[in-house]
Amino acid sequence: MHPILTLVVQRLALGILLLIAASALIFGLTEILPGDAAQAILGQAATEENLANLRAEMGLDRPALTRYFEWLGGILTGDMGNALTNKLPIADQIGKRMSYTLFLSFWAALISVPLAILLGLIAVRYQNRWPDKLISGVTLASISLPEFMIAYILVFFFAVKLFWAPSFANISPGMPLLEQLHAISLPVAVLTLVVLAHMMRMTRAAILNVMQSAYIETAELKGLTTFTVIYRHAFPNAIAPIVTVVMLNLAYLVVGVVVVEVVFAYPGMGQYLVDAVVKRDVPVVLACGVIFAAVYIVLNIIADLVSILANPRLRHPK
Amino acid sequence: MSKELEHLSAKVAAGQMTRRDFMGRAAALGVSVVVAESMLSSAAQAATPTKGGHMKVGLQGGESTNSLDPALAASTVPFQNLRAFGECLVNVAPTGDLDFRAAESVEADSEGKVWTFKIRKGVEFHNGKTMTSEDVLKTMQRHSNEDATSGALGIMQGIESMKADGDYFQVTLGTGNADLPYLLADYHLVIQPDGGMDNPGAGIGTGAFKVEVDEPGVRHVFTRFENYYGEMPHIDSVENIVLNDNTARTAALQSGQVHMIDRVDPKIAALLSRAPNIDVRSVAGPGHYVFIMHVDTAPFDNLDLRLALKYAINREEMVEKILRGYGSVGNDFPINAAYPLFDASIPQRQYDPAKAAEHYKKSGHDGSPIILRVADGAFPGAVDAAALFQQSAQAAGIPLEIKREPNDGYWSEVWNKQPFCASYWGGRPVQDQMYTTAYLSTADWNDTRWKVPAFDDMLLAARSELDPVKRKEIYSNMANMLRDEGGLILPMFNDFVEGVSTSVKGWIDDPNFGMMNGFAPHKCWLEA
């Protein structure tokens, strides 16, 4: 078998083990949280009597290990089960919500990744001159502000003052694409501002690092323009660290959108997970947690593979 | 200038401003009397309802874990959904009278023990079935039987037996209760086909709107039910949009994406009301913010210590700083003018550091700090209110130590468990229900551990007393007793503060609950 294929299989097997470990950890943590789903649902309206009734109905009166292995058995056979609280099938809910989250992350990634790399390249081209300083300054400022703050600032100007974009992302399945894009314009802008700096700075650093090499000097000496040197010779050699940080940010765009989803009342996974934690809806928390963990694991495998494929020495090991 | 006048003339039409005041403002703005008069008459014309339109309501208190099952409703969005698609036997009108819905009338025997509801004829469920007294019976059974998980279980406990007989539905109580119809107005008790026994979350009711879209935690859309028996809503459809974030909700109203929002933060209410296209509606209700002490736990088992703490709180300051004036001072019993048979002559307790110090000394407390547990989830501004309390108590020489608890798990771990903490009550339509819920010896939610047989006796006597004068007297005695001996410190009653676009007409203040007791979509209309 090709060594790279072996590596993929190994990493996938390890990933599955990691997922099971993650689910056990999440389950353990939800058990430590005070209260349970029955108490969370009834809240201030809980009496001993209706609590006991609700617990029995949800099966919360059984031992924790039984519940965990029942859930694990379900998920291994592809059944995520039903939510404790509203009894809706979790798979359906996650299907809908995941597609919303992916829709948002996709557009944010589509804008932020090329933009970050382009800005990185420009920053290298004008290293230590005003374009470099401006790009670094603006992106670092936007990453330093908390996400909700950026969101509120954008809402204040573009929704409340100028009426250009809606203040919350009211999106529904039947909407035409253009309307959907209009609805998510502000959340996409916020996400872009949040992830831009990390990728831009990494691109800049990685390329600058390569620019010290002898072959870059050769390329410059044979009379290529600075931009061609960066684009043809420096960038391909800097691709591994850039891809790693891009993947990390893509994972963040899927997993870390909780705050943005809450502020813009966007019906994605983040909101779903937060509600499930508040209501102690353990099967939902587990399902979301495992999916988020899987996103991280898969994107990291891809990042590793790209680094290997981009490096001839790793691609053809002796 | 003309914008301001338009806004003012709309206020006159809505009865929020007198004609005289309006003319005064118009003169101040340099408008002639003739022009001002004509503006007023066009505003009055605009008060004829416009038909049609899609109303959007931005609400907090919705989660992706919500369902349409009436028994499980516990927050604002499920409440608002139930109001749209379902109907109870009766509602409580803004005036405090009964508004008959699925029931047409009700009769009681002389002791208030046997109540017979005449069920309305020709009421249709959204699935086409006709509502019968059997459906009513099954609904009530589902909320009261032994394995019920309903939030209404508590109020159903006094019922001894129920039966359906032709057009009649009969409830027999263990002891007489003059307020039974008010209890059955509880929002959980929505009549469902076959009581919702087979499919409680189907969202089938007899309400004026039927379920169109149900996305828990996101939005719920309802369209007008054309076979509704009663007065038709003016609008075609209503959308309840979940906007839990305060800022997002306010921004949605300001940017014109929704017509109404609930729970406007008192901190920004005054600012928001200055916006030309927005009215802030503040409605006094029975809801209140409290600090509760367990009267059976040291050191709060000492009456003098309790009184010391009651005198050590500055109520006016709290209303002014925590509620920004959108509320009124409390008097250490959970009843105010929003309730029928309220005795307004009970003297108001004032902040009195000297008296507090005196009682504190008499209590013989060892001077160790008294721990007060709070979380912002207890009520909005609870942590700040506790800090104010700490300061005003300090002035009387009483040391309070604030222990901040996480919001998460506050209702299961702190409230009703710890001896001294912050909390809130939403209030109930009648005094009996409020006292029965939290101050009867046997109540599950007796969060002050107030177990006084004499008080219970008065409560039961008032319950079966059909003479309002005598009832009022008993309630007055109970209020005095609780005020002087009870475990609750009640600094303030909070208003329902809501933001409404000026394009929404037909608003009526309803003290029972927010959003006109949930009936804003039924009664309001949208001006084009």
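Residues numbered from 1 in each chain as written. Chains lettered and ligands numbered in written order. Predicted model: local features only at pLDDT ≥ 70, side-chain atom pairs only at ≥ 80, totals over all residues. Heavy atoms only, no water.

**Things to note about the interface of chain B and chain A**
Part 1 of the reasoning: Of the residues lining the interface, 43 residues belong to chain B; the matching set on chain A comes to 43 residues.
Part 2 of the reasoning: Of the roughly 3400 Å² buried at the junction of chain B and chain A (both faces included), carbon and sulfur atoms supply 55%.
Part 3 of the reasoning: If you look at where chain B meets chain A, you find zero salt bridges.
Part 4 of the reasoning: Seen at the junction of chain B and chain A, the total is eight residue pairs in polar contact (both at pLDDT 80 or more).
Part 5 of the reasoning: Where the side of chain B that touches chain A is concerned, the elements lending two or more residues are β10 (237–242), α8 (246–254), α14 (410–413) and β17 (420–425) of chain B. (Contact = heavy atoms within 4.5 Å. Buried area = accessible area lost by both parts, 1.4 Å probe. Salt bridge = Lys/Arg side-chain N within 4 Å of Asp/Glu carboxyl O. Polar contact = N/O pair within 3.5 Å; in protein donor to acceptor, adjacent residues only side chain to side chain. Helix = DSSP H or I, 4+ residues; strand = E, 2+ residues; numbered from the N terminus.)

**Structural notes on the packing of aromatic side chains**
Part 1 of the reasoning: All told, the structure shown has 25 aromatic pairs over all chains when counted by the stated rule.
Part 2 of the reasoning: With a centroid separation of 5.2 Å and 45° between ring planes, the pair formed by A:Phe27 and A:Tyr68 is classed as tilted. Of the two residues, A:Phe27 sits in helix α1 (residues 3–32) while A:Tyr68 sits in helix α4 (residues 64–76), which places them 41 residues apart along the sequence. The pair A:Phe27 / A:Tyr68 is uniform in exposure class, with both members buried.
Part 3 of the reasoning: One aromatic cluster is present, formed by B:Tyr435, B:Tyr439, B:Trp450, B:Phe455 and B:Tyr475 through successive ring pairs.
Part 4 of the reasoning: Across from the ring centre of B:Tyr311, 5.0 Å away, lies the NZ or CZ of B:Arg349, which sits over that ring. (Phe/Tyr/Trp six-rings, centres within 6.5 Å; stacked < 30°, edge-to-face > 60°. Buried < 20%, exposed > 50% of the residue type's maximum accessible area, 1.4 Å probe, protein only. Lys NZ or Arg CZ within 6 Å of the ring centre and 35° of its normal.)

**Thoughts on the confidence of the model for chain B**
Part 1 of the reasoning: Model confidence for chain B is summarised by a mean pLDDT of 89, while 90% of its residues fall at 70 or above.
Part 2 of the reasoning: This prediction of the complex comes with two scores: 0.83 for pTM and 0.77 for ipTM. (pLDDT = per-residue confidence, 0-100.)

**Focus on empty space enclosed by the protein**
Part 1 of the reasoning: The tally for this structure, following the rule as stated, stands at five cavities of 30 Å³ or more.
Part 2 of the reasoning: Taken together, 17 residues make up the lining of the largest cavity; nearest its centre are A:Ala265, A:Tyr266, A:Gln271, B:Gly217 and B:Val242.
Part 3 of the reasoning: Class assignment of the residues belonging to the lining of the largest cavity gives a composition of 11 nonpolar, four polar and two charged.
Part 4 of the reasoning: Its boundaries defined by the atoms lining it, the second largest cavity holds a volume of some 70 Å³.
Part 5 of the reasoning: Around the second largest cavity sit A:Gln93, A:Lys96, A:Arg97, A:Tyr100, A:Pro267, B:Glu215, B:Pro216 and B:Val218, which together line it.
Part 6 of the reasoning: When the residues that make up the lining of the second largest cavity are grouped by side-chain class, the tally is four nonpolar, one polar and three charged. (1 Å grid on protein atoms, 1.4 Å probe; cavity = no way out; pocket = protein on both sides within 12 Å on 5 of 7 lines; lining within 4 Å. Points joined across faces, edges and corners; volume = space filled by probe spheres on them. Nonpolar A, V, L, I, M, F, W, Y, C, P; charged D, E, K, R; others polar.)

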